[in-house]
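Letter by letter, the chains look like this.
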Amino acid sequence: PQLSLWEAGILSAILAPTDAGLGQVIVNSPLVPQRVREALNVEAGLNDGLSVPFMLFFIAMAAAGVGEPSFARFLGEQLGLGLLVGAGIGLAGGWLLATAKRSGWMAESFLQLAVVALPVFCLLASEHVGASMFIAAFTAGLFVQVCFKDAGRHSVEFTEEWGQVLNLSVFFLFGLIVGRDHALFGAAPFIYALLSLTVVRMLPVAVSLAGSGLDKATIAFMGWFGPRGLASIVLGLVYLEQEKHLPGEGVIRLAVMATVLLSIFAHGMTAIPGIHLLARRTGGA
């Protein structure tokens, strides 16, 4: 009851994306059919970026109800400027990297760092002009490949070597925050978290896969293995960084923390048993 309709929308957008890192065991297992692995992998790779416009829309509508600047102005700054900043940095950065590589001005090992530096530039530029840093970084990742086709390969190389350290560092900080705020948790956030990971996730997945030809066990598997983690933590921080001071901010924060916390343990403990159960049900190895 503490949340308005728009604040409930904010919460739904923050918890919509799934975590590729927490789902890594699933998408790397040869026991899981390739079609299923590809679908879950693509979902985890795209849905955080697709959730951002919805979250910004809900934030703007909620803020309009408490006397904040107009909806059109907020979305124009966040989305419009975010797209421009991201496209500009992506195109310019891609051209510079391609020129440096072609001319032999940069060692191969430094190309990884150079590619990863582009989203940092997006963050700095977005903060300066009031754009969405998430939209800017996402757009830059698309546009950098226009001039520098190897950007994806270098970013993957960086992720394999250093990205996991950064990923685990975020979860370490998340653990510290949960430990600090543990006294604030009651039963309600965890009841919501349980619903978020089951009914709220699994029912829409089942509806979206109707007519796909997949059996019930596979559909249930794909519905359950939608872990919440890094993307939800980042979107939650983006929401708090807006500093709109909405009435339901505390409820949203606790609900997000409870859902991510429950997901880490629930999906982590059920990954291997779930893979083997699916293999037996579908006649796999």
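Cut-off values and rules
Residues numbered from 1 in each chain as written. Predicted model: local features only at pLDDT ≥ 70, side-chain atom pairs only at ≥ 80, totals over all residues. Heavy atoms only, no water. Helix = DSSP H or I, 4+ residues; strand = E, 2+ residues; numbered from the N terminus. Rg over C-alpha atoms; globule rule 2.2 N^0.38 Å. Buried < 20%, exposed > 50% of the residue type's maximum accessible area, 1.4 Å probe, protein only. Contact = heavy atoms within 4.5 Å. Areas by Shrake-Rupley, 256 points an atom, 1.4 Å probe, with all protein chains shown as cover. Lys, Arg positive; Asp, Glu negative; His and termini not counted. Charge placed at Lys NZ, Arg CZ, Asp CG, Glu CD. Core = buried A, V, L, I, M, F, W, Y, C linked by side-chain atoms within 4.5 Å. Axes fitted to C-alpha atoms, helices over the stretch in contact; angles between N-to-C directions. Nonpolar A, V, L, I, M, F, W, Y, C, P; charged D, E, K, R; others polar. Salt bridge = Lys/Arg side-chain N within 4 Å of Asp/Glu carboxyl O. Patch = residues over 30% accessible without salt bridge, like charges linked within 9 Å, V, L, I, M, F, W, Y side chains within 5 Å. Phe/Tyr/Trp six-rings, centres within 6.5 Å; stacked < 30°, edge-to-face > 60°. Expected span 1.5 Å × (residues − 1). Bend = angle between axes of the 7 residues up to and from the residue.

Chemist: Looking at this model, I keep getting lost on the overall build of the protein chain. Mind explaining?
Modeler: Check the secondary structure of the protein chain and you find 12 helices and 0 strands. Ordered by position in the sequence, the α and β elements of the protein chain form the string α-α-α-α-α-α-α-α-α-α-α-α. Taking 2.2 N^0.38 as the reference for a compact globule, 285 residues should give roughly 19 Å; the C-alpha atoms of the protein chain span a radius of gyration of 20 Å, in line with that estimate. Taken across its 285 residues, the protein chain has 41% of its residues classed as buried. In the protein chain, the proportion of contacts linking residues at least 24 apart, taken out of those at least 6 apart, comes to 82%. With an accessible surface of roughly 14900 Å², the protein chain has 70% of that area assigned to carbon and sulfur atoms. One way to put it: in the protein chain the 15 positive side-chain charges average out to a point 9 Å from where the 18 negative ones average out.

Chemist: Sorry, what's going on with the nonpolar core here?
Modeler: The nonpolar side chains of a soluble globular protein tend to be buried, and buried together. In this structure, Ile-10, Ile-14, Met-55, Tyr-239, Ile-252 and Val-256 are the most contacted members of the largest nonpolar core, which totals 33 residues. Listing elements by their share of this core, those giving two or more residues are helix H1 (5-14), helix H3 (34-64), helix H4 (71-103), helix H6 (133-147), helix H7 (151-180), helix H11 (230-241) and helix H12 (249-281). When sequence neighbours within four positions are dropped, the list of residues in contact with Ile-252 reads Leu-3, Glu-7, Ile-10, Leu-11, Ile-14 and Tyr-239.

Chemist: Just to check I follow, could you spell out the packing of H1 against H11 for this structure?
Modeler: Geometrically, a packed helix pair is captured by the angle between its two axes and the distance between the axes. Running from N to C, H1 and H11 point in directions that differ by 145°, and their axes come no closer than 9 Å. Each of Ile-10, Ala-13 and Ile-14 in H1 lies in contact with H11, whose residues at this interface are Ser-232, Leu-235, Gly-236 and Tyr-239. Classifying every residue of the contact of H1 with H11 gives 5 nonpolar, 2 polar and no charged.

Chemist: Got a minute to help me understand the pattern of salt bridges in this structure?
Modeler: Pairs can form between side chains of opposite charge once their charged atoms are near each other. Under the criterion given, the structure shown has 4 salt bridges. Among the ionic pairs, Glu-43 bridges to Arg-201, the shortest N-O distance being 2.6 Å. Linking Glu-43 in helix H3 with Arg-201 in helix H9 (residues 199-208), this pair joins segments that are 158 residues apart in sequence. When the shortest N-O distance is used, the salt bridge between Lys-101 and Asp-150 registers 2.6 Å. Placement of the pair is Lys-101 in helix H4 and Asp-150 in the loop between H6 and H7, with a sequence separation of 49 residues. The class of Asp-150 is partly exposed, set by a relative accessible area of 27%. If you follow the salt bridges from partner to partner, you end up with Arg-180, Asp-181 and Arg-253 in one network.

Chemist: Can you help me understand a nonpolar patch on the surface in this one?
Modeler: Together, Val-42, Leu-46, Leu-50, Leu-91, Phe-138, Leu-142, Phe-143 and Val-146 line one region of the surface with nonpolar side chains, adding up to about 680 Å² of accessible area. When contributions to the nonpolar patch are tallied by element, the ones reaching two or more residues are H3 and H6. The biggest single contributor to the nonpolar patch is H6, with 4 residues. Relative to the helices and strands, Phe-138 is located in helix H6. A relative accessible area of 30% places Phe-138 in the partly exposed class.

Chemist: Looking at this structure, I do not really get the packing of aromatic side chains. What am I missing?
Modeler: Aromatic ring pairs are defined here through the distance separating the ring centres and the angle between the ring planes. Applying the stated rule across the entire model yields 6 aromatic pairs. Between Phe-185 and Phe-190 the ring centres are 5.4 Å apart and the planes differ by 45°, which places this aromatic pair in the tilted class. For the ring pair Trp-224 and Phe-225, a centre distance of 6.4 Å and an interplane angle of 70° mean the geometry is edge-to-face. A residue is classified by how much of its surface remains accessible, and Phe-225, at 8% relative accessible area, is buried. Three or more aromatic residues joined by ring pairs form one cluster here, namely Trp-6, Phe-57 and Phe-58.

Chemist: Looking at this structure, I do not really get the environment of Leu-209. What am I missing?
Modeler: Mapped onto the secondary structure, Leu-209 falls in the loop between H9 and helix H10 (216-224). Separated by 10 residues in sequence, Leu-209 and Ile-219 place their C-alpha atoms 7.1 Å apart. Here Leu-209 is in contact with Leu-214, Ile-219 and Met-222, once residues within four sequence places are set aside.

Chemist: I'm lost on the side chain of Ser-263 in this one. Help?
Modeler: With respect to the helices and strands, the residue Ser-263 is situated in helix H12. Judged by its relative accessible area of 1%, Ser-263 is buried.

Chemist: Looking at this model, I keep getting lost on H6. Mind explaining?
Modeler: Helical geometry: 3.6 residues make up each α-helical turn, so side chains three or four residues apart lie on a common side. Between its first and last C-alpha, H6 extends 22 Å over 15 residues, near the 21 Å set by a 1.5 Å rise per residue. The largest bend in H6 is about 25°, located at Gly-141. Turning to H6, its buried residues are Phe-134, Ile-135, Ala-136, Thr-139, Ala-140 and Val-144.

Chemist: Just to check I follow, could you spell out the environment of Met-133 for this structure?
Modeler: By the secondary structure assignment, Met-133 is in helix H6. Considering only alpha carbons, one finds Met-133 and Val-120, 13 residues apart in sequence, at a separation of 9.2 Å. Contacts of Met-133, omitting those with residues within four sequence positions, involve Leu-123, Ser-126 and Val-238.

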